[in-house]
Amino acid sequence: MLLVRNMPRLLKQFVPPLIGFLLGYMWRVLDSSPLETTSSLENDLPLFTGPSSTLLVLVISSPSNSLLRSTIRETWLSVSKKNHNFKAFFVIGERSLNSKQVYDLSQEKVRHDDLLLLPMHDSYGTLTSKVLKSFEFSQKNFKFDYLLKCDDDTFVDIEKVVDELEQQNEPTLYWGFFDGRAPVQTKGKWADPQYRLCDKYIPYALGGGYVLGRSLVQYMADNSRMLELFNSEDASVGTWLAGLKVKRKHDSRFDTEWKSRGCSNQFVVTHKQTQADMKIKWKRLAKYGSICEGAETKVRLSYNYDWSKPPSECCIRSDHSLP
């Protein structure tokens, strides 16, 4: 009898909160579904299948850079994939494009089948996210031993890179041109206000081109939601890998600084190249096996990274014999 008598009061006390909880739960489920769909690479991107590759090349491009992509296809990416075990894709963000860009990219994709289109806006501000998402997609959908990330103004001696990688077994390889003294910028386009770990970036391979072993790509892909996205893509990668057991390999044959150091026939990766530069290098490489037209040139000295010293003392330009 007491329970019956108190029923109205109990209903008034407990039913409204219960209804509110149920409505709130249903709203969260309905509201989150579209976001999960648009952020899922599996749902937005086609799956690529095929045999395992020694090297997966990801060329970071932008929607409007079709001429650069064409030049790369006609030059260093024209190397026979039957004789050299690699795959290559151009990475582009496909959101918020105008109708002409959408049409042009769709036609380009049909013709070449080498565009990796990510469901995101394409800008310098989203570059770090773009690179990380490309790692995620590659880890889930490709079989490869190593991954080369480069830009669409980079020239690569792809035969030499693949041949050297096939001679080693380093799943934690991090290969490129390293810097340990780069100051964290506070103003301008390259400002990195979220980077508070130090006043200089943790040692990293410069973003014009670097190679990662599959284990490192897998680590970043698996932990992508926990990684801080700093403004500098290449410095972000170096920071994400800082605490891991990594085989860091500094190589002066990677000409990937903010400005090219000149031309050396020893270079395997050369950044800051125009379409004309690429065509000249490819013509010479295909005909003579060397990339420089005429004599080699040196605009400034390179350096060997001294891993025995603090990063601030890592990189002394004093050896004239280095490429």
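If you're wondering where the values come from, they're calculated on a predicted model, not measured in any experiment.

(A) View of the sheet that holds strand S13 (residues 269-270). Read across the sheet, 3 strands follow the order S5-S13-S11 without closing on themselves; strand pairing throughout is mixed. The two strands at the open ends of the sheet, each matched to only one other strand, are strand S5 (155-156) and strand S11 (254-255).

(B) Quick peek at the packing of aromatic side chains. All chains considered together, the criterion is met by 11 aromatic pairs. Between Phe178 and Trp307, the ring centres sit 5.4 Å apart and the planes meet at 75°, which makes this aromatic pair edge-to-face. Of this pair, Phe178 sits in strand S7 (residues 178-179) while Trp307 sits in the segment after strand S14 (297-298), placing them 129 residues apart in sequence. Judged by its relative accessible area of 0%, Phe178 falls in the buried class.

(C) Focus on unusual backbone geometry. A positive phi angle, near 55°, is found at Asp113, a position not held by glycine. For Asp113, the location among the structural elements is in the loop between helix H4 (99-112) and strand S3 (115-118).

(D) Geometry of the layout of surface pockets. Within this model, the largest pocket holds a volume of roughly 1100 Å³. Around the largest pocket, the lining comprises 35 residues; the ones closest to its centre are Tyr124, Trp190, Asp234, His271 and Lys272. Taken together, the elements giving at least two residues each to the lining of the largest pocket come down to helix H5 (127-141), strand S4 (144-151) and helix H8 (233-240). Its residues assigned to classes, the lining of the largest pocket shows 10 nonpolar, 10 polar and 15 charged.

(E) Summary view of the state of the cysteines. Per the stated rule, a full pass over the model turns up 2 disulfides. Covalent S-S linkage joins Cys263 and Cys292, the inter-sulfur distance amounting to 2.2 Å. Between Cys263 and Cys292, the S-S dihedral sits near -105°, and the bridge is therefore left-handed. Of the two residues, Cys263 sits in strand S12 (residues 262-263) while Cys292 sits in the loop between helix H9 (275-288) and S14, which places them 29 residues apart along the sequence. Taking relative accessible area as the criterion, Cys263 reaches 10% and is therefore assigned buried. Residue Cys292 is classed as buried on the basis of its relative accessible area of 0%. Bridging Cys314 to Cys315, the disulfide has an S-S length of 2.0 Å. Every disulfide takes its handedness from the sign of the S-S torsion; for Cys314 and Cys315 that torsion is -95°, giving left-handed.

(F) Geometry of empty space enclosed by the protein. For the structure shown, the criterion picks out 1 cavity of 30 Å³ or more. Roughly 30 Å³ of volume is contained in the largest cavity. Taken together, Trp76, Val79, Val156, Asp157, Ile158, Glu159, Trp282 and Leu285 make up the full set of residues lining the largest cavity. Of all the elements in the fold, those that place two or more residues in the lining of the largest cavity are helix H6 (158-165) and H9. Class assignment for the residues of the lining of the largest cavity results in 6 nonpolar, no polar and 2 charged.

(G) Summary view of H8. Here H8 lies mainly inside the structure; 8 of its 8 residues are buried. Buried within H8 are the following residues: Glu233, Asp234, Ala235, Ser236, Val237, Gly238, Thr239 and Trp240. Buried-residue contacts for H8 involve H5, S4, strand S6 (173-176), strand S8 (204-205), strand S9 (209-213) and helix H7 (214-222).

(H) Expanded view of the pairing of strand S2 (residues 86-93). Most of S2 is tucked away: 7 of the 8 residues are buried. Of the strand pairs in this sheet, strand S1 (residues 53-60) and S2 are connected by 6 bridges, and their pairing is parallel. Each residue of the ladder has a partner; that of Ile60, found in S2, is Val91. Note that the unit made of S1, helix H3 (residues 66-74) and S2 has a crossover that is right-handed. One ladder, built from 4 bridges, connects S2 with S3; its direction is parallel. Its bridge partner being in S3, Gly93 is matched across the sheet by Leu118. Of the crossover connections in this fold, the one passing from S2 over H4 to the parallel S3 is right-handed.

(I) Inspection of the pairing of S6 at higher detail. Here S6 shows no split at all, with Leu173 and Trp175 on one side and Tyr174 and Gly176 on the other all buried. Note that S6 and strand S10 (residues 247-250) share 4 bridges and pair parallel. Counted as the bridge partner of Tyr174 is Arg248 from S10. The pairing of S6 with S9 spans 2 bridges and is antiparallel. If you follow Trp175 over to S9, its bridge partner there is Val211.

Criteria and thresholds
Residues numbered from 1 in each chain as written. Predicted model: local features only at pLDDT ≥ 70, side-chain atom pairs only at ≥ 80, totals over all residues. Heavy atoms only, no water. Pairing = 2+ DSSP bridges. Helix = DSSP H or I, 4+ residues; strand = E, 2+ residues; numbered from the N terminus. Phe/Tyr/Trp six-rings, centres within 6.5 Å; stacked < 30°, edge-to-face > 60°. Buried < 20%, exposed > 50% of the residue type's maximum accessible area, 1.4 Å probe, protein only. 1 Å grid on protein atoms, 1.4 Å probe; cavity = no way out; pocket = protein on both sides within 12 Å on 5 of 7 lines; lining within 4 Å. Points joined across faces, edges and corners; volume = space filled by probe spheres on them. Nonpolar A, V, L, I, M, F, W, Y, C, P; charged D, E, K, R; others polar. Disulfide = S-S within 2.5 Å. Contact = heavy atoms within 4.5 Å. Right-handed = clockwise from strand over helix to strand, strands pointing away.

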